[in-house]
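Structural characterization, general
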Amino acid sequence: MQQLEDPATKQDVLLTTLEGNDCAFCDGTLTQGRYKGNDAVVCSECETPTVQVW
Ligand SMILES: [Zn+2]
């Protein structure tokens with residue numbers, strides 16, 4: 001049995017999972033955005049990127 005893994009889907013799941021979490025650095029909420037041209041989850045308050053997807 002081969003397991004097919006779709007990187008794009010995994011990235012989407014990761015971003016969606018993190019979205020809405022509390023920021024680790026302030027009281028802000030994580031939201032999907034762009035950081036240095038890549039998809040990322042960034043804090044809406046301090047804009048600290050939590051995850052970058054290359
Ligand atoms: Zn923050």
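Only a predicted model underlies this, so the values are computations on that prediction, with no experimental measurement involved.

**Digging into the nonpolar core**
Among the nonpolar cores identified, the biggest contains five residues, and these are Leu-30, Ala-40, Val-41, Val-42 and Cys-43. Take this core: its biggest share by element is four residues, from strand β2 (residues 38-43).

**Some remarks on the pairing of β2**
The pairing of strand β1 (residues 30-35) with β2 spans six bridges and is classified as antiparallel. Considered in β2, the bridge of Gln-32 is made with Val-41. Connecting β1 to the next strand, β2, in antiparallel fashion are two residues, including Lys-36 with a positive phi near 50°.

**What to know about helix α1 (residues 7-18)**
In this model, α1 (twelve residues) spans 17 Å end to end at C-alpha, consistent with the 16 Å of a helix rising 1.5 Å per residue. The buried fraction of α1 is low, at zero of twelve residues. Phi for Gly-20, located one or two positions after α1, is positive at around 95°.

Cut-offs applied
Every chain is numbered independently, its residues counted from 1 as its sequence is written. Only residues with pLDDT of at least 70 are given local features in this predicted model, and only at 80 or more are side-chain atom pairs given and counted; all residues enter the totals for whole chains, interfaces and linings. Note on definitions: a nonpolar core is a set of buried residues drawn from Ala, Val, Leu, Ile, Met, Phe, Trp, Tyr and Cys, linked by C-beta atoms within 7 Å. Note on burial: count the other C-beta atoms lying within 10 Å of the residue's C-beta; 20 or more is buried, 12 or fewer is exposed, in between is partly exposed, and C-beta positions come from the backbone. Each helix corresponds to a stretch of at least 4 residues labelled H or I by DSSP, and each strand to a stretch of at least 2 residues labelled E; elements are numbered beginning at the N terminus. Pairing between strands requires that DSSP locate at least two bridges from one strand to the other. Multiply 1.5 Å by the residue count of a helix minus one, and that product is the helix's expected span.

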